[in-house]
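Chain by chain, the residues run as shown.
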Amino acid sequence: MPTAKLRGLMRTTALESIHTQAGARLVPFAGWNMPVQYGPILDEARIVRSKAGLFDLGHMGRVNVHGPQAEDFLQKLQTNDASKIPPGRIRYSMILNEDGLTQDDILVYRNPKNDGFFLVINAGNTERDLEIMRTTAKDFECEVQDRTADTGMIAIQGPLSEQITQRLTASDLSELKYYAWMDTEICGQPMTISRTGYTGEDGFEVYVPAGHEADVWNAFLEVGGDDGLQPIGLGARDTLRHEAGMPLYGHEINETTNPLEAGLDFAVKFTHDFTGRAALEAVQQKGGTGRKLVGMTAASKRCPRQGYPIVHDGKDVGAVCSGSISPTLGTNIATAYVPDALAEPGTELQFRVREALEPCVVVPTPFYKRSR
Amino acid sequence: MRPDDRQYLKSHEWCKIDGETATLGITDHAVAQLSDLVFLDLPAVGASVTAGEQYGEIESVKAVSSLYSAVSGEVLEVNAELPDNLEWLSEDAFEKAWMIKVKLTDKSGDLMDAAAYEETVKAEQ
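Note that the structure is a prediction, hence the values are computed from the model and not measured.

Rules of the game
- Residues numbered from 1 in each chain as written.
- Chains lettered and ligands numbered in written order.
- Predicted model: local features only at pLDDT ≥ 70, side-chain atom pairs only at ≥ 80, totals over all residues.
- Helix = DSSP H or I, 4+ residues; strand = E, 2+ residues; numbered from the N terminus.
- Rg over C-alpha atoms; globule rule 2.2 N^0.38 Å.
- Buried ≥ 20, exposed ≤ 12 C-beta atoms within 10 Å, placed from the backbone.
- Contact = placed C-beta atoms within 7 Å.
- Core = buried A, V, L, I, M, F, W, Y, C linked by C-beta atoms within 7 Å.
- Domains from an automatic or database assignment.
- Pairing = 2+ DSSP bridges.
- Axes fitted to C-alpha atoms, helices over the stretch in contact; angles between N-to-C directions.
- Nonpolar A, V, L, I, M, F, W, Y, C, P; charged D, E, K, R; others polar.

Peer 1: So what's going on with the overall build of chain B? Residues and values would help.
Peer 2: Of regular secondary structure, chain B possesses three helices and nine strands. Each helix and strand of chain B, ordered N terminal to C terminal, gives the series β-β-β-α-β-β-β-β-β-α-β-α. Over its C-alpha atoms chain B spans a radius of gyration of 13 Å, differing by no more than 12% from the 14 Å that the globule rule assigns to 125 residues. C-alpha extents for chain B along the principal axes are approximately 35 × 30 × 20 Å. The proportion of buried residues among the 125 residues of chain B is 38%. Within chain B, contacts between residues at least 6 apart in sequence are counted, and of these 64% link residues at least 24 apart.

Peer 1: Run through the nonpolar core, naming residues and quoting values.
Peer 2: Judged by nonpolar contacts, the single largest core of 85 residues is most densely connected at A:Val108, A:Leu119, A:Ile154, A:Val206 and A:Ala336. When we break this core down by domain, the ones giving at least three residues each are domain 1 (1-288) and domain 2 (290-372) of chain A. With residues up to four places along the chain from it excluded, the contact list for A:Val108 reads A:Leu74, A:Gln78, A:Asn80, A:Ala82, A:Ile85, A:Ile90, A:Arg91, A:Ser93, A:Phe117 and A:Leu119. Formed by 31 residues, the second largest nonpolar core is a distinct cluster that contains B:Val31, B:Val49, B:Ile100 and B:Val102.

Peer 1: Just give me the short version of the sheet that holds strand S12 (residues 203-209) of chain A, but keep the residues and values in it.
Peer 2: Residues and elements named next belong to chain A. A sheet is described by the order of its strands in space; here six strands give the open sequence S10-S11-S12-S9-S3-S13, paired in mixed fashion. Taken across any chain shown, the strands that pair with only one partner, and hence form the sheet edges, are strand S10 (181-186) and strand S13 (230-231). The sheet contact formed by strand S9 (residues 151-157) and S12 spans seven bridges and is antiparallel. The residue of S12 that forms the bridge with threonine 151 is proline 209. Against the sheet, helix H7 (residues 213-224) engages strand S3 (53-56), S9, S10 and S12, with an angle of about 15° to S9.

Peer 1: Hey, could you go over unusual backbone geometry for me, with residue numbers and the actual values?
Peer 2: Omega for the bond connecting A:Thr365 with A:Pro366 falls within 30 degrees of zero, at 0°, which places this linkage in the cis form. Within the element layout of this structure, A:Pro366 appears in the segment after strand S19 (356-363). The phi angle at B:His12 is positive, at roughly 75°, despite the residue not being glycine. A positive phi angle, near 50°, is found at B:Ser35, a position not held by glycine.

Peer 1: I'd like a rundown of the environment of A:Met60, residues and numbers included.
Peer 2: Residue and element names in this part refer to chain A. Among the secondary structure elements, methionine 60 is positioned in the loop between S3 and strand S4 (61-66). On the basis of neighbour counts, which here come to 23 C-beta atoms within 10 Å, the residue methionine 60 falls in the buried class. Through-space distance from the C-alpha of methionine 60 to that of valine 120 is 6.7 Å; in sequence the pair is 60 residues apart. When neighbours within four sequence positions are excluded, methionine 60 is seen to be in contact with Val120, Ala123 and Met153.

Peer 1: Give me the lowdown on the environment of A:Val144, citing residues and values where you can.
Peer 2: Residue and element names in this part refer to chain A. Structurally, valine 144 is set in strand S8 (residues 143-146). Since 22 C-beta atoms lie within 10 Å of it, valine 144 is described here as buried. In this structure, the C-alpha to C-alpha distance between valine 144 and arginine 352, residues 208 residues apart in sequence, is 45 Å. Every residue in contact with valine 144, bar those within four places of it in the chain, is listed here: Val63, Val65, Met133, Arg134 and Ala137.

Peer 1: Describe the domain arrangement of chain A, and please don't skip the residues or the numbers.
Peer 2: All names here are of chain A. Along its sequence, chain A is organised into domain 1 (1-288) and domain 2 (290-372). Placing a centre on the C-alpha atoms of domain 1 and another on those of domain 2 gives a separation of 27 Å. Tallying the contact residues gives 18 residues for domain 1 and 23 residues for domain 2. Of all the secondary structure elements, the ones that give two or more residues to the side of domain 1 that touches domain 2 are helix H3 (41-50) and helix H8 (234-243). At four residues, the largest contribution of residues to the side of domain 1 that touches domain 2 is made by H3. The residue inventory of the side of domain 1 that touches domain 2, partitioned by class, reads five nonpolar, seven polar and six charged.

And the structure:
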């Protein structure tokens, strides 16, 4: 719960007073005072799956990288192959340490005009990431610019996102592919927009010049209100990303996990010399770490929660990374690292809540996939 | 102002003492902060509770919170219908949504009256 003492140290987005007026409950998140919900969390998740929801993502870290060696710098910094990203396209990637352990998961955007890159990083890791970037950048002719304070970020997610967003956007959004971005005009102002998100639905993220956040937010609600567009808090966002099988830093991934055991090898390309490559190759040669990240469902009344032990044959074999009540599946869902031998879908496990053991079963992920 | 016929803990539980019996519950402020309640775990009749220690758990969509006892003693009665009617907590946290009744042997030294609790809630906002 927020205390008066903490509030003074917290950062706020340009939309804080709008959220408060809308009746949102704001809580400290990664050093920011952020709306966790405007109404019941499960209802908010359902609105995004069936219609569309609007999210304030002002807390996410936003960084520009430019200069003659910007690409070389990125090849060192992160695991995906930046040289293979065409202008205007986006890739999911990781920042590792020398031990191959995860410092952050990020999105790498190559500018539509091919004049540099843009990175979106986790709010809770922004300071550490910037430090890693500035240290790494010393060996390259490039500049790293923290843009978090002078831009806003607003997402619209859900099946009606395109038709609603089109009403405010000068360019034809049907031409904007998934994980692509473009420069356009939104609400008559020059802005960039990407077809990305963290919910498993179609949708967009808009990068808003400082000072225009409230105009864009209100314009979305005005043109989308009749379609059911509503503001959605970070509580539902977490449920939605978990259903969609997307990892959250501090839960599925952290500085004790590597991307191979997390099933994120698609974001790791051994084509370039990134920090942590040698350690990851050593893990690969050994045939893995002996454990894997799996999804589980649990029909129990109690929801599995982060840290609850996973039990097999009376022995603790892992711990829950994230647990959610899934309104879309109508059951509880959880993720956990378990020994390779217990990672097959169908494997019956238990989780422990206080003294009780509750059944759960390994299932394929993502838990939810939208029909396209 | 919240009911002044009872006492409060900083952790947002209330406790109403009538002779040797204490009735325990959580405040409307706690209910509002928890929001979206989905599960309540209460002790059985005959269990013993200890002042300042956890006697149950309440779960919302996003989190599990401990219920702390304001008193020590044996559980005499449990509001057995409450776990299946969690909306009572939002409707009437101070009467209908009582949680347990305890045969009092001791009470917490940290209990405050309604006016002091009001200040605690204000300081959080």
